[in-house]
4 protein chains.
Amino acid sequence: MTLPAPLTGVVPPVCTPLTPDGEVDVPSLTRLVDHLVEGGVDGLFVLGSSSESAFLTDRQRRLVVETVTGHVSGGLPVLAGAIDMTTPRVLDHVRSVTEAGADAVVVTAPFYTRTHPAETARHYRLVASRSPVPVLAYDIPVAVHTKLGADLVLELAAEGVLAGLKDSSGDQGAFRDVVTGARAHPAVTGFSVLTGSELVVDTALAMGADGAVPGLANVDPHGYVRLTRLCRAGDWERARAEQERLCTLFGMVRAGDAGRMGAGSSALGAFKAALHLRGVIACPATAEPQIPLSAEETAVVGKFLAGAGLL
Amino acid sequence: MTLPAPLTGVVPPVCTPLTPDGEVDVPSLTRLVDHLVEGGVDGLFVLGSSSESAFLTDRQRRLVVETVTGHVSGGLPVLAGAIDMTTPRVLDHVRSVTEAGADAVVVTAPFYTRTHPAETARHYRLVASRSPVPVLAYDIPVAVHTKLGADLVLELAAEGVLAGLKDSSGDQGAFRDVVTGARAHPAVTGFSVLTGSELVVDTALAMGADGAVPGLANVDPHGYVRLTRLCRAGDWERARAEQERLCTLFGMVRAGDAGRMGAGSSALGAFKAALHLRGVIACPATAEPQIPLSAEETAVVGKFLAGAGLL
Amino acid sequence: MTLPAPLTGVVPPVCTPLTPDGEVDVPSLTRLVDHLVEGGVDGLFVLGSSSESAFLTDRQRRLVVETVTGHVSGGLPVLAGAIDMTTPRVLDHVRSVTEAGADAVVVTAPFYTRTHPAETARHYRLVASRSPVPVLAYDIPVAVHTKLGADLVLELAAEGVLAGLKDSSGDQGAFRDVVTGARAHPAVTGFSVLTGSELVVDTALAMGADGAVPGLANVDPHGYVRLTRLCRAGDWERARAEQERLCTLFGMVRAGDAGRMGAGSSALGAFKAALHLRGVIACPATAEPQIPLSAEETAVVGKFLAGAGLL
Amino acid sequence: MTLPAPLTGVVPPVCTPLTPDGEVDVPSLTRLVDHLVEGGVDGLFVLGSSSESAFLTDRQRRLVVETVTGHVSGGLPVLAGAIDMTTPRVLDHVRSVTEAGADAVVVTAPFYTRTHPAETARHYRLVASRSPVPVLAYDIPVAVHTKLGADLVLELAAEGVLAGLKDSSGDQGAFRDVVTGARAHPAVTGFSVLTGSELVVDTALAMGADGAVPGLANVDPHGYVRLTRLCRAGDWERARAEQERLCTLFGMVRAGDAGRMGAGSSALGAFKAALHLRGVIACPATAEPQIPLSAEETAVVGKFLAGAGLL
């Protein structure tokens, strides 16, 4: 299907359920997609950071996209990450995920290498020139160790290189520059500005953002859908209450002991534990070399779910 | 062939010559290998950072390994980088490069993800358990944004997980901890400690390091081979003079304008320009999205070569 | 005067006008205070980062506080930064600024040293135990290179160690954790949560923040006062419009050429140029070793003022 | 006395003994100076990072310099740190320490602020123009969060702005650029290049460095003096053995539990515990807000001393 321009609403970065031996658990993945669709989401983002894209082999990545596009069969747009170090490798992923049916690709700045902003621009121009579907920029400094400047994003938007931005930078000032800059720029139309935050969706939408890509929406899609609808209706007071409820629920990402595992392992482990406890996926395993949550840490996740009325 | 234990001497990270349209230039690659072998190097490291591994597609990576192992056919050891974000993806590269004949694999800590040291250890243990050839750790914080601790390296060496270390961290104090720790530890035998620096090979060897993996050895293999032989002979005064000559030559890595391109583009562009000017490779192109050196910047590289008597 | 608990509204970090030879320009400073008071601000924060506190000698710092407290003589609360590397040095500043009449002190985490969170907590406990006035934490990772965790801030708030937070971290998710955590915690009362951002004051207040400490309020205090009043009235639509106007005006901070000066020099130079152009201060000089704006760069600042109707 | 040009040998960054209530322990300080002088050191560096300069009040800093210059009364050169955020504040310290008899000042790049290299150059030029004694640059990125480029250091050396460099950057490649650059530059004479490392003194001297400023020399001055004499004599084999013995001893800096305190607290706590155990200083207290070593951690320090034959 054609990507809505702009894409709006809730577009969860879909977790990738795994079997105990690390293979993609296809039945769990389709159940998760059903869970999200029933929750009312507006699109699906597969192979993002919350999807453990960095941990999936090329074969597994392809299987994920095929499974999801096949399952929703055009019912809602499927965006796919094409996450790799540089242009030539990203282009291979673009080819693979679009052959598998993705409606748009989501691409970070180069990483591993030390890249000048002019090279990041060149990267996006090359990717867009060879991609059969729209390209969204994925700004995630915690992973790629550079920040996409608002000026660069707007320049590429005006050129038609970028169709949108998924902002996981946490920098709301720069995010706002993109939101208002995109609105003000005569050459920018249909550009989607999406926040990757779980915690400031209400204020991002209040600024004029188009939607959100919160990892926690795997666990509670209904909550985020309610939240964006309240925002769209201008009911900021109830939106704030819903957002604060979700902020409390988000506390689950610190369930894992920081002395024993990385912050990512704790957060992804918590999302998967929650999906398992809610009966959506068959196994809470995360990919290697992530340290799994212990039984006690999983119980903490359960308490967060119970507190939110999700068990 | 079996990897020497320890591997010693000069093991250049082999540049990957490209055609103007970004394909691997196989004839240039074999000429470069001949140039290095004639220079007297002790091994070849393909698919490292100086090889633009981060920019090569899987198909190109495979072609590089096959070309080099086929060309040297056991004449000297070929190490291959298996550079990717996490364990499952690294294992795919390990499979590919060893099928293509690599005698050892060189593996970084996970990147893109935020990884706890315990997860990095788990990563190396898993990779080693499934690799048919020895595994060397590649410590390159500028790329992966974490530093391998000396304690962790020594622990994995003592377990037999790691066969060596390529240290591109620039931290000579920590490097020394590994060198002396490996020598002192009864369970560590045949472990190779290699510096990735161009600039402190003499002092690294004086500390007891086994060898060096300097990118500049592409340009001047004879110089680095002379240097390590002088060190081995204990002729530190002449070693220092040779090292200082190479430090001056290394100034070429700043030929590219830092206002216009990344530091990596400048350095790799300079190495390739030098190889082109010296008649070793057919084309100085670097991979996308790196900004190429201008004609003037290339002329600066030429002056460095002339100053070193290499033109 | 006693610090309001919570302190709310607009509390500008007061610029420190300097003479051409780098001395505090007392008449300009009092004119600037008058300009801010007439603008309707709710308090004054002297010796903050926008005050060039890092550049002022102890004698100059003291003179600034005496001048401002003497001039407002209790008309509105005066907060003073006590910015230095560690506890003993901070305590000397606390003594000095409170002798000079400050109603509260604003204190960062230790810097220059590498400090554990437990040491940061110890730091605040010691400072508060010896300060005759309330202590606000100043979270400014760009300067001190650590982030104050929301948990730590709330723990110290509950203990009565901290009376408030000035958040210049840019991390709105963590900021929200403090806002909602402070509201929810039974032991926390009268705690002021203030954003240091120029760009997201409306959304910070929408989250429940008490006020703002925007450097740009030196230039346009009326704008920020209007903005916070619109927020307090729940008129979010007009608040957003006012905020966006101020975001546009804030573009002046990039007037200075980033190839020639630091980002701080450009921003502080722009604020002072604007105050000079508006006739508030006699001289736009910034402290050494900051590079001053050129005439052309100053003209750019003038255009921003003109565009905002402030000339 | 006039600073030797170049200053060579061992110049310990003198620890600042404190009383249990945090005051400078003058008798212990003079005993420590005697211990160092008897150890054969070539100069003393007070108010450096290992001196807890960042934790000392201005009054305490002055007392330290007066005590040490008064005690050695010209017997050997006394360098004093003038550690503060920016030029005007550094100049106040320069005045104070030179009035107190310092023979040279040691100055970092600006910190807390974000500074452009052109501003760092301006900083050193201003400080040197107003300092009655020679100025050495102190390159310590872990504290100031910028690195002094070799080009900048050499430019300022050639101008006569800088009389030397204390390099605590850990980057031996850049260090070598300064060493060889200073030797090669016709306008640079008498410039002192000193390493701040404990671990690579032998190789730094082998490169041509003039001396070392190792914090561990407080604990074992005889060892570092022996080491530099062996280096000067070209006896690299015995130098290496002595250096390795000191590297082992340096392991004491990790005595403190990293889960409980900062790395600086552990290292400074260990040095002071060692000086206390060796009977040089009366009390091992470190300044606030550093967490002190526990009795068990202190016992670990004792084992390192015993292992080195220093108890």
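These lines cover the structure that appears in this document, whether it is placed above or below. (Residues numbered from 1 in each chain as written. Chains lettered and ligands numbered in written order. Predicted model: local features only at pLDDT ≥ 70, side-chain atom pairs only at ≥ 80, totals over all residues. Heavy atoms only, no water.)

## Overview of the sheet that holds strand S6 (residues 164-167) of chain B
Read across the open sheet, the eight strands follow the order S1-S8-S7-S6-S5-S4-S3-S2 (chain B); overall the sheet is parallel. Either end of the sheet is taken by a strand with one partner, and the two such strands are strand S1 (9-10) and strand S2 (44-46) of chain B. (Pairing = 2+ DSSP bridges. Helix = DSSP H or I, 4+ residues; strand = E, 2+ residues; numbered from the N terminus.)

## A closer look at the interface of chain B and chain A
For an interface, size is often stated in terms of accessible area lost upon the parts coming together. Contacts between chain B and chain A engage 48 residues on the former and 48 residues on the latter. When chain B packs against chain A, the two sides together hide about 3,900 Å² of surface, and 59% of this comes from carbon and sulfur. It is Arg89, Tyr112 and Arg114 of chain B that lose the most area in chain B upon contact with chain A, and together they represent 21% of the buried surface on that side. Linking chain B to chain A there are six salt bridges. Linking Asp84 of chain B and Arg89 of chain A is a salt bridge whose minimum nitrogen-to-oxygen distance equals 3.3 Å. Connecting chain B to chain A are 20 residue pairs in polar contact (both at pLDDT 80 or more). Broken down by secondary-structure element, the contributors of at least two residues to the side of chain B that touches chain A are helix H2 (58-72), helix H3 (87-99), helix H4 (117-130), helix H5 (141-144) and helix H11 (263-277) of chain B. A per-class count over the side of chain B that touches chain A returns 22 nonpolar, 16 polar and 10 charged. (Contact = heavy atoms within 4.5 Å. Buried area = accessible area lost by both parts, 1.4 Å probe. Salt bridge = Lys/Arg side-chain N within 4 Å of Asp/Glu carboxyl O. Polar contact = N/O pair within 3.5 Å; in protein donor to acceptor, adjacent residues only side chain to side chain. Nonpolar A, V, L, I, M, F, W, Y, C, P; charged D, E, K, R; others polar.)

## A few points about the arrangement of the chains
Note that chain B does not reach chain C: the shortest distance linking a C-alpha of one to a C-alpha of the other is 8 Å. Separated throughout, chain A and chain D approach each other most closely at a C-alpha pair spaced 8 Å apart.

## Digging into the interface of chain C and chain D
Each partner contributes to the interface: chain C provides 48 residues, whereas chain D provides 48 residues. Across the interface of chain C and chain D, roughly 3,900 Å² is buried in total on both sides, 58% from carbon and sulfur atoms. One can count six salt bridges joining chain C with chain D. When the shortest N-O distance is used, the salt bridge between Arg89 of chain C and Asp58 of chain D registers 2.9 Å. On the surface where chain C and chain D come into contact, there are 20 residue pairs in polar contact (both at pLDDT 80 or more).

## Digging into the relation of the copies chain C and chain D
Take chain C, turn it by 180 degrees, move it 0.0 Å along the axis, and it overlays chain D with an RMSD of 0.0 Å. Here the copies are linked by what is in effect a two-fold axis. Of the residues that chain C buries at the interface, 100% are likewise interface residues in chain D, meaning the two copies contact each other through the same surface. (Least-squares fit on C-alpha atoms with pLDDT ≥ 70 in both.)

## Examining the relation of the copies chain B and chain A
Between the two copies, chain B and chain A, the superposition gives an RMSD of 0.0 Å; the rotation angle is 180 degrees and the shift along the axis is 0.0 Å. Counting the interface residues of chain B, we find that 100% of their copies in chain A are interface residues as well, pointing to one common contact surface.

## As for the pattern of salt bridges
Per the stated rule, a full pass over the model turns up 84 salt bridges over all chains. Of the charged contacts in the structure, one is a salt bridge between Glu297 of chain B and Arg260 of chain B, with a shortest N-O distance of 2.7 Å. Taken together, the positions of Glu297 of chain B in helix H12 (residues 295-307) and Arg260 of chain B in the loop between helix H10 (236-250) and H11 put the pair 37 residues apart, joining distant regions of the chain. Taking relative accessible area as the criterion, Arg260 of chain B reaches 32% and is therefore assigned partly exposed. Between Glu159 of chain C and Arg125 of chain C there is a salt bridge, and its shortest N-O distance comes to 2.7 Å. (Buried < 20%, exposed > 50% of the residue type's maximum accessible area, 1.4 Å probe, protein only.)

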